[in-house]
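Examining the three-dimensional arrangement
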2 protein chains.
Amino acid sequence: MRDALVAAAFRLFLERGYEQTTVDDIVALAGVGRRSFFRYFPSKEDVVFPDHERCLADMTAFLTEDGVNDAGGAGHEPVRRVCDAARLVLRMYAENPAFSVQRYRLTKRVPGLRAYELSVVWRYERALAEYLRARYADRPDGTLRADVIAAAVVAAHNNALRSWLRSDGTGDAGAMVDHALEYVHATYGPAAPPAERPEDVVVVVSRRGAPLWRVVQEIETTLGRP
Amino acid sequence: MRDALVAAAFRLFLERGYEQTTVDDIVALAGVGRRSFFRYFPSKEDVVFPDHERCLADMTAFLTEDGVNDAGGAGHEPVRRVCDAARLVLRMYAENPAFSVQRYRLTKRVPGLRAYELSVVWRYERALAEYLRARYADRPDGTLRADVIAAAVVAAHNNALRSWLRSDGTGDAGAMVDHALEYVHATYGPAAPPAERPEDVVVVVSRRGAPLWRVVQEIETTLGRP
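Residues numbered from 1 in each chain as written. Chains lettered and ligands numbered in written order. Predicted model: local features only at pLDDT ≥ 70, side-chain atom pairs only at ≥ 80, totals over all residues. Heavy atoms only, no water.

Looking at an unreviewed UniProt entry, chain A carries the name TetR family transcriptional regulator, with the source organism given as Streptomyces roseirectus.

Shown next, in the form of C-alpha cells:
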C-alpha cells in the first residue's frame, strides 16, 4: 500500500505538477482512503522522500553501535565512520535510480520540496556532527572540528550524488561517492600509514648553502653514528 | 517604517508567539497599512530576517569584485576570500546583538523559521561555492574542492556564531569567528610561506640502514655539487 501511494503520487506530480496535486487526488488514484495516506506519510512532502526517515534511523543506529561491538571500546576511526555512514544515504538513492532521478527533477522545480530536502540534509549533517562531537569531546576545538568535518562529508557526498543524478543515474554512483569521500578522508583522517616503520626513515632538512661537512655531521648525529 | 515594522513584529512574536501573530496584527501595531508591510517584506518569515537579502547582495558583490581591482587579475587567495566573505554575515549579526539573540531564541522554537534559516544558509553556501568553482575551474576535482570548502567555511562560521548567540551576545563575536575560520584556512589555504625561499632547502629522506656514503652521495647529487 505504501509503495502504491508513492507510485500514484509520482504519476500525478509528473502529469499535473506537484502543487496542483492534492492528497485526495493521490488516494483516489491509489484506491485507498485518506487515513491510509496519513498513516504512512505525515504530509504531501513526505511522500516525495519516503525513505529518509528510515535512512536517518539506520544512520543513527550505525553511528550509535560504533564502539559497542568493539572489544577495545575505542570504536572506529571517526572520519572513516562518518564517511561510511554517508554511504547509507547513497545506497538509498542508488537502490532505485529511475525514481531518484525523477525526484531530483521534481525537487529542482518545486521550492517547497527544496526546502524539505534542505531540512533532511540538515538532519543527516547533525547526526554526523553529534557523533563526531562525542568522539572529539576531549579535544580542543572538538565541536568546531566535528561540525566542519560533518559539513565537509555531506558536501562531498552531495557533490557526487548530484553529479550522478544529473547524469540520469548512469555512471557508477558508488565509485563517484567513494572518490568524493576519499577527498575528505585524506584531509581529516589520520595520515596513511607509512610503508616502512617510521623509525627506519631519517629526514634531513638543510639549507642549500650549508657546507657539506655540516650536513654530514647532522646526518651522523641523527643516525646515531659517530 | 521598515524598522518600525520589524520592532512591532518582534514585540508581538515574543508576547503572543510567532504562529499566533498575523501580518494584520503587525501593521495595526506599527500603524501602517498591509501594503506597506508587503512593500518591504514578501512574507511574515522575511520580517524575522530583515537583513539577509542585503547581506547576500553584499557578499555576491564582494566576491564578484575580486580580481577586478587587481592589476594582476589573479584576484585574492580564494580560501582567504571566502572566509572574508563569511565575515560579512557575522558583522550583520554583531551590529545588533540584542536583536540577534532574540531572533535566535525565536528561530529555535518555530520550525517554519528554522526551515527559512536553512534556506538562507544554503544561499550563502552556494554563493561561496560558485565563487570557488570559478576560481578552481581548471583544477581536477575543482567543483568538489569548491563545494567542500564552502561547506566547511559555513559550518565553522555558524559554529562560532551559535556559540556567541548562546552566550547571549556576550563575548567577542569577531574573535570567535576569526578563530573558527582560521581553522578552515589552515586546512585548505596555501601553506604559510616558508621563511626562506624553497630553493634554499634540501630534504633528504633515507632509510636508517643505508650506508653513510650512499647518503652523502645522494646529498651531493641533490645539491648539485660533485
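Now, onward.
Points about the overall build of chain A
The following threshold applies: Numbering goes from the N terminus for both helices and strands, where a helix is a DSSP run of H or I of at least four residues and a strand is a run of E of at least two. Remark: exposure states derive from per-residue accessible area (1.4 Å probe, protein chains only) relative to the maximum for the residue type, with buried under 20%, exposed over 50%, and partly exposed in between. Only heavy atoms enter the contact rule, under which two residues are in contact if any of them lie within 4.5 Å. For the accessible areas, the method is Shrake-Rupley and the probe is 1.4 Å, while residue cover comes only from the protein chains on display.
Across its full length, chain A carries 11 helices and one strand. If you list the helices and strands of chain A from N to C, you get α-α-α-α-α-α-α-α-α-α-β-α. When burial is assessed residue by residue, chain A has 46% of its 226 residues classed as buried. Across chain A, contacts joining residues at least 24 apart in sequence account for 66% of those joining residues at least 6 apart. Surface accessibility of chain A: about 11,500 Å² in total, with carbon and sulfur atoms responsible for 53%.

With respect to helix α7 (residues 97–109) of chain B
Residues spaced three or four apart along an α-helix point in a common direction, a consequence of the helix completing one turn every 3.6 residues. All names here are of chain B. Applicable threshold: The span expected for a helix works out to 1.5 Å for each residue beyond the first.
Taking 1.5 Å of rise per residue, the 13 residues of α7 would be expected to cover 18 Å, and the 19 Å separating its terminal C-alpha atoms lies within 8% of that figure. If you check which residues of α7 are buried, you get Phe99, Ser100, Val101, Arg103, Tyr104, Leu106 and Thr107. Buried residues belonging to α7 abut α1 (2–16), α4 (44–48), α6 (78–94), α8 (111–135) and α9 (142–166).

What to know about the pattern of salt bridges
Residue and element names in this part refer to chain A. Counted only if it meets this: Only one rule defines a salt bridge in this text: a Lys or Arg side-chain nitrogen within 4 Å of an Asp or Glu carboxyl oxygen.
Enumeration over the complete set of coordinates arrives at 30 salt bridges over all chains. A salt bridge links Arg87 to Asp178; the shortest N-O distance between them is 2.7 Å. Of this pair, Arg87 sits in helix α6 (residues 78–95) while Asp178 sits in helix α10 (residues 173–188), and the two are 91 residues apart along the sequence. Through salt bridges that share partners, Arg126, Glu130, Arg133 and Asp147 make up one connected network.

A short note on the side chain of Asp147(B)
Which entries qualify depends on this criterion: Whenever a nitrogen or oxygen atom comes within 3.5 Å of another N or O atom, the pair is scored as a polar contact, on the condition that within protein one atom can donate a hydrogen and the other can accept it, and that pairs from neighbouring residues in sequence are kept only if both atoms are in side chains.
In this fold, Asp147(B) is placed in helix α9. There is a polar contact of 2.9 Å between the side chain of Asp147(B) and the side chain of Asn159(A).

Digging into the side chain of Arg145(B)
You can see Arg145(B) is positioned in helix α9. The residues touching Arg145(B), leaving out its near neighbours within four places in the chain, are Tyr183(A), Tyr136(B), Arg139(B) and Tyr188(B).

Re the environment of Ala98(A)
Residue and element names in this part refer to chain A. Looking at where Ala98 falls in the secondary structure, it is placed in helix α7 (residues 97–109). Accessibility expressed as a relative area gives 56% for Ala98, which makes it exposed. Taking C-alpha positions, Ala98 is 9.4 Å from Leu165, a pair spaced 67 residues apart along the chain.

Focus: the packing of helix α1 (residues 2–16) of chain A against helix α2 (residues 23–30) of chain A
Residue and element names in this part refer to chain A. Worth spelling out the cut-off: Under this scheme, a helix contributes an axis fitted over its contacting stretch, all axes are lines through C-alpha atoms, and angles between N-to-C directions fall in the 0 to 180 degree range. Roughly parallel means an angle under 35 degrees; roughly antiparallel means over 145; roughly perpendicular covers 65 to 115; every other angle is labelled oblique. Throughout, a crossing is termed right-handed when the near helix is turned clockwise from the far one, and left-handed when it is turned anticlockwise from it by less than a right angle. Residue classes follow a fixed rule: Ala, Val, Leu, Ile, Met, Phe, Trp, Tyr, Cys and Pro count as nonpolar, while Asp, Glu, Lys and Arg count as charged, and any other residue, Gly among them, counts as polar.
One way to put it is that α1 packs onto α2 with a least axis distance of 9 Å and a crossing angle of 120°. As judged from the angle between their axes, α1 and α2 are oblique. Viewed along their axes, α1 and α2 form a crossing whose handedness is right-handed. Across the interface between the two elements, Ala4, Leu5, Ala8, Ala9, Arg11, Leu12, Phe13 and Arg16 of α1 pack against Asp25, Ile26, Val27, Leu29 and Ala30 of α2. Classifying every residue of the contact of α1 with α2 gives 10 nonpolar, no polar and three charged.

Side note on the packing of aromatic side chains
Two numbers describe a pair of aromatic rings. These are the distance of the centres and the angle of the planes. Filter applied, for reference: Centre distance within 6.5 Å is the pairing criterion for rings of Phe, Tyr and Trp, where only the six-membered ring of Trp is used; planes under 30 degrees apart are then read as stacked, over 60 as edge-to-face, and the remainder as tilted. We call a charge positioned above a ring when the Lys NZ or Arg CZ atom is no farther than 6 Å from the ring centre and deviates by at most 35 degrees from the ring normal.
This model, assessed by the stated rule, comprises 15 aromatic pairs over all chains. Ring geometry for Phe49(B) and Tyr116(B): centres 5.0 Å apart, planes at 10°, overall stacked. Taken as a pair, Phe49(B) in the loop between α4 and α5 (52–64) and Tyr116(B) in helix α8 lie far apart in primary sequence, 67 residues in all. Of the aromatic side chains, those joined through ring pairs into one cluster are Phe10(A), Phe13(A), Tyr18(A) and Phe99(A). The side chain of Lys44(B) reaches across the aromatic face of Tyr18(B), ending 4.3 Å from its centre. If you follow Arg145(B) out to its NZ or CZ, it ends over the ring of Tyr136(B), 5.1 Å from the centre.

Here we look at unusual backbone geometry
Residues and elements named next belong to chain A. Phi at Asp141 takes a positive value of approximately 60°, unusual for a residue other than glycine. By the element assignment, Asp141 lies in the loop between α8 (111–135) and α9 (142–166). Under the relative-accessibility criterion, Asp141 is labelled partly exposed at 36%.

Regarding the packing of α8(A) against α8(B)
Relative to each other, α8(A) and α8(B) sit at 85°, their axes nearing to 9 Å. Classed by the angle they form, the pair α8(A) and α8(B) counts as roughly perpendicular. Contact residues: α8(A) offers Leu118(A), Ser119(A) and Trp122(A), while α8(B) offers Leu118(B), Ser119(B) and Trp122(B). When the residues that make up the contact of α8(A) with α8(B) are grouped by side-chain class, the tally is four nonpolar, two polar and no charged.

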